[in-house]
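Coordinate inspection notes
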Amino acid sequence: MDFSQTLKIALRALRTNKMRSFLTMLGIIIGIAAVIAMMAVGTGASYVISQQIASIGSNIILVIPGSTTSGGLRTGSGGAQTLTSDDVKAIMNECPSVSTASGTVRSSGQIVYGNMNWSTVIMGGTPELFEIREWPVTSGRSITQQDVDSAGKVCLLGQTVADNLFGSADPIGNIVRIKKIPFTVIGILEGKGQSPQGTDQDDTVFVPLRTAQRNLVRSQRTDSVGALIVKAKSEMVLDKAEEEINSLLNQRHRITNGKEPDFSTRNLSEILAVAEKSSKAMSLLLGAVASISLIVGGIGIMNIMLVSVTERTREIGIRMAIGAKKNDILLQFMTEAVLLTMLGGLIGIALGAGGATIVSKLLGWPTMISIQSITIAFFFSAAVGIFFGFYPARKAAGLNPIDALRYE
Amino acid sequence: MSDVISLTDIRRVFTMGDQQFEALKGISYGVAAGEFVAIMGASGSGKSTCMNIVGCLDRPTSGQYLLDGLDVGAMDPNQLADIRNKKLGFVFQGFNLLARTPAVENVELPLVYAGLNAKERRQKAVIAMEQVGLAGKENNHPSQLSGGQQQRVAIARALVNNPAVILADEPTGNLDSTTSEEIMVLFTALNKKGITIIMVTHEHDVAAYAGRQITFKDGKIISDRPTGRTA
């Protein structure tokens with residue numbers, strides 16, 4: 001018996017009970033649609049997270065000053081001003097796993113151009129900062145070592161700041177006032193978008209480190225830096241670089257056993273790992289829910305196939321009397337079940353993909369539908385049909401033709 | 001002429017719990033090619049059990065059954081399915097056609113399981129439908145046909161694979177007397193062309209169309225005689 005005939009018989013049987021076939025498929029449709037939509041949202045989300053993390057730069061270690069006590073009041077983390085430009089130089093020279101480093105200072109304030117003004121974050125940094133953060137300028141030039149050495153009154157604008165102060169005009173060469181001090185705009189930085197914490201990284205103005213230390217931040221020591229950003233030579237030596245920095249700074253800051261260090265280090269790959277872990281856990285949870293709905297759908301199919309076998313006992317008897325073998329009957333009912341689930345799977349894939357697209361359009365969630373997830377969903381739905389169709393099909397094939405023919 | 005069907009001391013015992021019931025108590029008869037045999041008997045006489053065995057739907061507990069020279073008793077269910085497909089044609093009391101399936105596809109069904117391709121199937125099915133006088137009704141569904149026409153479709157289905165024997169189980173049981181007569185005339189005509197027919201019935205006027213009558217009672221044959229009508 002050729003398979004095209006089996007397929008034709010199965011299709012006819014499904015068409016005969018259109019409503020029932022549809023309702024039976026519904027479980028699979030919902031299950032597969034859920035799997036596809038959830039995978040689309042999941043991959044979209046983790047893609048965005050990895051994009052954001054990549055936007056900070058790779059293999060980065062942050063060194064943040066610790067807290068300090070002044071007049072009985074403890075400042076928060078970052079309050080101490082004990083990290084200096086010399087620490088940066090020492091890290092660059094003495095830690096073999098470190099590729100480069102930059103000290104930064106951070107402030108916030110009003111920046112004014114003509115009759116426009118904008119409150120933003122002001123960052124002081126060295127040329128290495130832009131190398132570490134893989135952050136080029138789109139126009140003009142970046143900050144040079146000479147700018148830092150001479151404490152030049154020049155600045156780089158983040159995309160958001162440039163847009164808000166200048167609109168569509170070209171800011172380069174114009175004078176802006178940062179905390180009332182005039183600076184020349186030398187360049188515009190490329191847009192980076194949101195950080196993993198959700199802040200707009202483009203809402204920042206960069207000035208040379210020494211300029212910031214002297215003119216924009218109030219501190220006891222003019223060479224103190226707010227935070228250190230360090231790039232390890234590779235991902236492999238990230239942990240080693242962190243250790244080297246810790247021991248070097250402990251030594252330099254004379255932190256002996258039992259004394260609280262006045263700095264702390266933070267490894268960005270840890271943040272990445274946490275983000276990945278949580279998005280994986282979420283996918284797993286949603287996957288489990290979707291699998292349950294597929295199993296429930298499969299049981300529904302088994303149930304209906306059993307009813308169908310009973311209803312069609314006489315037909316099975318006729319087929320057996322005129323020469324159908326056990327395997328022909330088995331194959332016929334298996335084909336019907338698999339056809340049901342595969343059809344359900346296809347509809348589910350279409351619905352899931354459509355749903356994901358609508359969600360991303362309406363809610364602005366990033367979604368990504370991968371060929372892989374579609375393939376998995378399709379074969380999984382076929383597998384559900386094989387698994388849950390086997391028992392009813394075997395029951396049909398095992399019928400005694402005499403009893404089946406006599407069945408009313 | 002050698003016998004198409006040869007039964008020797010066929011016994012069939014049914015076991016229900018610890019009770020045993022012998023439905024056939026040593027049946028022996030032969031049917032020659034081209035014969036038209038009517039099998040009669042009250043219900044419970046064992047004639048249906050015997051037909052099931054002849055139709056290879058059931059196997060005897062003991063005894064030998066040769067169909068077209070083949071020992072059927074030794075075959076497994078798949079071989080029996082093959083025998084039913086190629087050597088036998090069934091006509092039932094309740095027509096047993098597939099609903100919502102065009103007449104011609106019902107007729108094609110045995111050929112589907114025989115593994116013929118679509119073109120050959122259609123050719124043979126159309127010829128078989130002509131033989132039973134249903135040319136032009138190929139695409140009608142069973143529900144659009146009268147009882148007599150449905151039985152003709154069933155007969156065409158039984159004929160289509162050129163079987164050695166046609167087995168008819170109360171073929172007129174669901175039909176009125178005029179239609180019954182038409183069906184019996186058709187059987188007689190087919191028999192004249194050389195087709196062997198074994199028919200179970202309890203109506204004497206239907207049995208009268210056959211050339212030979214075998215009567216069952218309590219699991220035994222009590223009479224086996226020609227009707228005087230020559231095939």
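Everything numeric here is computed off the predicted structure, so don't read it as measured data. (Residues numbered from 1 in each chain as written. Chains lettered and ligands numbered in written order. Predicted model: local features only at pLDDT ≥ 70, side-chain atom pairs only at ≥ 80, totals over all residues.)

**What about the overall build of chain A?**
Tallying secondary structure elements over chain A gives 13 helices and 12 strands in all. Taking 2.2 N^0.38 as the reference for a compact globule, 408 residues should give roughly 22 Å; the C-alpha atoms of chain A span a radius of gyration of 33 Å, well beyond that estimate. Each of the three principal axes of chain A carries a C-alpha extent, and together these read 105 × 55 × 40 Å. Within chain A, the proportion of its 408 residues that are buried is 39%. (Helix = DSSP H or I, 4+ residues; strand = E, 2+ residues; numbered from the N terminus. Rg over C-alpha atoms; globule rule 2.2 N^0.38 Å. Buried ≥ 20, exposed ≤ 12 C-beta atoms within 10 Å, placed from the backbone.)

**Notes on the domain arrangement of chain A**
Put simply, an interface is often sized by how much accessible area is lost when its parts join up. Segmentation of chain A into domains returns domain 1 (3–52 + 274–406) and domain 2 (100–230). On a C-alpha basis, the centroid separation for the pair domain 1 of chain A and domain 2 of chain A is 57 Å. (Domains from an automatic or database assignment.)

**Thoughts on the interface of chain A and chain B**
Contacts between the two partners involve 17 residues from chain A and, on the opposite side, 20 residues from chain B. Broken down by secondary-structure element, the contributors of at least two residues to the side of chain A that touches chain B are α1 (3–16), α10 (313–321), α11 (326–363) and α13 (401–406) of chain A. For the side of chain A that touches chain B, the element with the most residues is α10 of chain A, which contributes five residues. Looking at the side of chain A that touches chain B residue by residue, the classes come out as nine nonpolar, three polar and five charged. (Contact = placed C-beta atoms within 7 Å. Nonpolar A, V, L, I, M, F, W, Y, C, P; charged D, E, K, R; others polar.)

**What about α10 of chain A?**
All names here are of chain A. Most of α10 sits out of view: seven of its nine residues are buried. Within α10 the residues assigned to the buried category are Glu-315, Ile-316, Gly-317, Ile-318, Arg-319, Met-320 and Ala-321. Residue Gly-323 follows α10 closely and has a positive phi angle near 120°.

**Digging into the sheet that holds strand β1 (residues 3–16) of chain B**
Residue and element names in this part refer to chain B. Pairing is antiparallel in the open sheet, where four strands are placed in the order β2-β1-β4-β5. Either end of the sheet is taken by a strand with one partner, and the two such strands are β2 (19–32) and β5 (70–71). Taken together, the five bridges between β1 and strand β4 (residues 62–67) define a ladder with antiparallel strand orientation. When the bridges of β4 are listed, Ile-5 appears paired with Leu-67. (Pairing = 2+ DSSP bridges.)

**Description of the sheet that holds strand β10 (residues 220–226) of chain B**
All names here are of chain B. Strand order in the open sheet formed by six strands is β6-β7-β8-β3-β9-β10, with mixed pairing between adjacent strands. Two strands bound the open sheet, and with one partner strand each, they are β6 (88–91) and β10. Here the average twist between neighbouring strands, direction ignored, is 20°. Summarising the sheet, strand β3 (residues 36–41) and strand β8 (residues 196–200) pair through four bridges and their orientation is parallel. What sits directly across from Val-37, in β8, is Ile-198. Contacting β3, β7 (165–169), β8 and β9 (212–217), helix α1 (residues 47–54) crosses the sheet at an angle of about 150° to β8. (Axes fitted to C-alpha atoms, helices over the stretch in contact; angles between N-to-C directions.)

**Points about the nonpolar core**
If you look at the biggest cluster of nonpolar residues, it comprises 121 residues, and the most contacted ones within it are Ile-36 and Ala-337 of chain A together with Ile-39, Val-107, Ala-156, Leu-167 and Ile-198 of chain B. Here the element with the most residues in this core is helix α2 (residues 18–56) of chain A; it accounts for 14 residues. The residues touching Ile-36 of chain A, leaving out its near neighbours within four places in the chain, are Gly-348, Ile-349, Gly-352, Ala-353, Ala-356, Ile-369, Ser-373, Ile-374 and Ala-377 of chain A. (Core = buried A, V, L, I, M, F, W, Y, C linked by C-beta atoms within 7 Å.)

**Points about helix α3 (residues 103–114) of chain B**
Of all the 12 residues making up α3 of chain B, 11 are buried; the element is thus mostly covered by neighbouring parts of the structure. Of the residues making up α3 of chain B, those classed as buried are Ala-103, Val-104, Glu-105, Asn-106, Val-107, Glu-108, Leu-109, Pro-110, Leu-111, Val-112 and Tyr-113 of chain B. Here the buried face of α3 of chain B lies against α1 and α11 of chain A together with α2 (77–87), α4 (118–131) and α5 (147–159) of chain B. Downstream of α3 of chain B by a residue or two, Gly-115 of chain B has a phi angle that is positive, lying close to 90°.

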